[in-house]
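A look at the structure
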Amino acid sequence: MASNPDFLWCKEERKQESFVKLLKHFDMSSENTRAIPYDFVRNFSDNELSGNMKIRVQWGNSWKVKISKNPRFYFMEKSGWETFVRDNALGDYEFLTFTHKGKMSFTVNIFNKDGKEMMQPPQSRAFLASSSRIKTEQDVKREEVLVSSDSSSRGPTTAAVSNGNGEGMYKRKLNFGKKKAEETQNSKRTERVVSRQRVYAGAPSSSVAEFNIFISKSYIKSLAIPTTFANDYMPKEKTMVKIHHPDGKKSWNVAFVVKKKGHIFSGGWKCLCREYPVVFGDTCKFTLIKPYELLLAVSRP
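Taken verbatim from the UniProt record of the protein, the Subcellular location (unreviewed entry) comment is "Nucleus".

Encoded structure:
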């Protein structure tokens, strides 16, 4: 009787140490999700489990993830794990199998929720990021040209009206037009950052989750998060989230805390308010750009 090659492959795989993970978007960064099963780790020495594990997907990309231990179990460190999850756009009920290939090197097979194995990287994210970046840069350049031409067209008209004794008025009007152009360009730069971050999140701008909140005096110490937003997009347990400044040069780690009466930004929020700065009377707009990462834009009355 001829041997079935698929059966032989499965039989060979079963001889190797392996474990599985089911990813859900609302708890994919929790310690329980990152835990390595006890039945798996008992086959390894403490020395092997004190370093990094290398995980490799079907299309050849690989990541190094540090292994740590708490009093109950071994787990994959959050930083390396989240990089792997983000790079592969995971979190939509994918099923992962980790198969040990020796020397803490693992092959990871990713199965979508429809049961089909993922054999290539998520093309939609790379394609959207590339096409949208080109389009955004073209639009910004086109708008900057329009602003420039509009400013230049206003210049001669203002000058014609201001000839003679109106030299001072001419200068003031010209400076006002220059200031308006600079404000418009700064606004476009902020929108450009938001647009790029949205594309990186793998979602069109129309579907990006966001909320606005008015800053009262009590909100400088801790910030209450709208329940609907928290239930839909935030974790079910205390987690550190990252909040970015629109200029892309600064970000803050802030503790997201789940309480019976609601959800709040706590530890790190007061520091953000001081450094951003955020003050009483401001309106804060939070936009979700990645799992547990938000962009904060502040407007003042």
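1. Description of the packing of aromatic side chains
For the structure shown, the criterion picks out 18 aromatic pairs. Their ring planes at 55 degrees and their centres at 6.4 Å tell us that Phe95 and Phe111 sit as a pair that is tilted. Of this pair, Phe95 sits in strand E6 (residues 92–102) while Phe111 sits in strand E7 (residues 105–111), and the two are 16 residues apart along the sequence. Both rings, one in Phe214 and one in Phe280, keep their centres 6.4 Å apart while their planes meet at 75 degrees; by these two values the pair is edge-to-face. Note that Phe214 is positioned in strand E8 (residues 210–214) and Phe280 in the loop between helix H8 (269–275) and strand E13 (283–290), a separation of 66 residues in sequence. In this structure an aromatic cluster arises from ring pairing among Phe211, Phe229, Tyr233, Phe256, Phe265, Trp269 and Phe286. Note that Lys217 overlies the ring of Phe280, its terminal NZ or CZ placed 5.6 Å from the centroid.

2. Quick notes on the sheet that holds strand E5 (residues 74–76)
In spatial order, the strands read E1-E6-E7-E3-E4-E5-E2; together these seven strands make up an open sheet with mixed pairing. Every other strand in the sheet has two partners, leaving strand E1 (18–24) and strand E2 (35–36) as the edge strands with one partner each. Note: E2 against E5, two bridges, orientation antiparallel. The residue bridging Ala35 from the neighbouring strand is Phe75, located in E5. Along the sheet, helix H4 (residues 78–87) makes contact with E1, strand E3 (52–56), strand E4 (62–69), E5, E6 and E7, crossing E4 at roughly 145 degrees.

3. Observations concerning the nonpolar core
Ile36, Met53, Ile55, Phe84, Leu96 and Phe98 are the most contacted members of the largest nonpolar core, which has 28 residues in total. Secondary-structure elements contributing two or more residues to this core are E1, helix H3 (38–41), E3, E4, E5, H4, E6 and E7. In terms of nonpolar packing, the next biggest core, distinct from the first, is built from 26 residues, Phe211, Ile213, Ile225 and Leu288 among them.

The rules we used
Residues numbered from 1 in each chain as written. Predicted model: local features only at pLDDT ≥ 70, side-chain atom pairs only at ≥ 80, totals over all residues. Heavy atoms only, no water. UniProt positions renumbered as here; feature names shortened; annotations may be inferred. Phe/Tyr/Trp six-rings, centres within 6.5 Å; stacked < 30°, edge-to-face > 60°. Helix = DSSP H or I, 4+ residues; strand = E, 2+ residues; numbered from the N terminus. Lys NZ or Arg CZ within 6 Å of the ring centre and 35° of its normal. Pairing = 2+ DSSP bridges. Contact = heavy atoms within 4.5 Å. Axes fitted to C-alpha atoms, helices over the stretch in contact; angles between N-to-C directions. Core = buried A, V, L, I, M, F, W, Y, C linked by side-chain atoms within 4.5 Å. Buried < 20%, exposed > 50% of the residue type's maximum accessible area, 1.4 Å probe, protein only.

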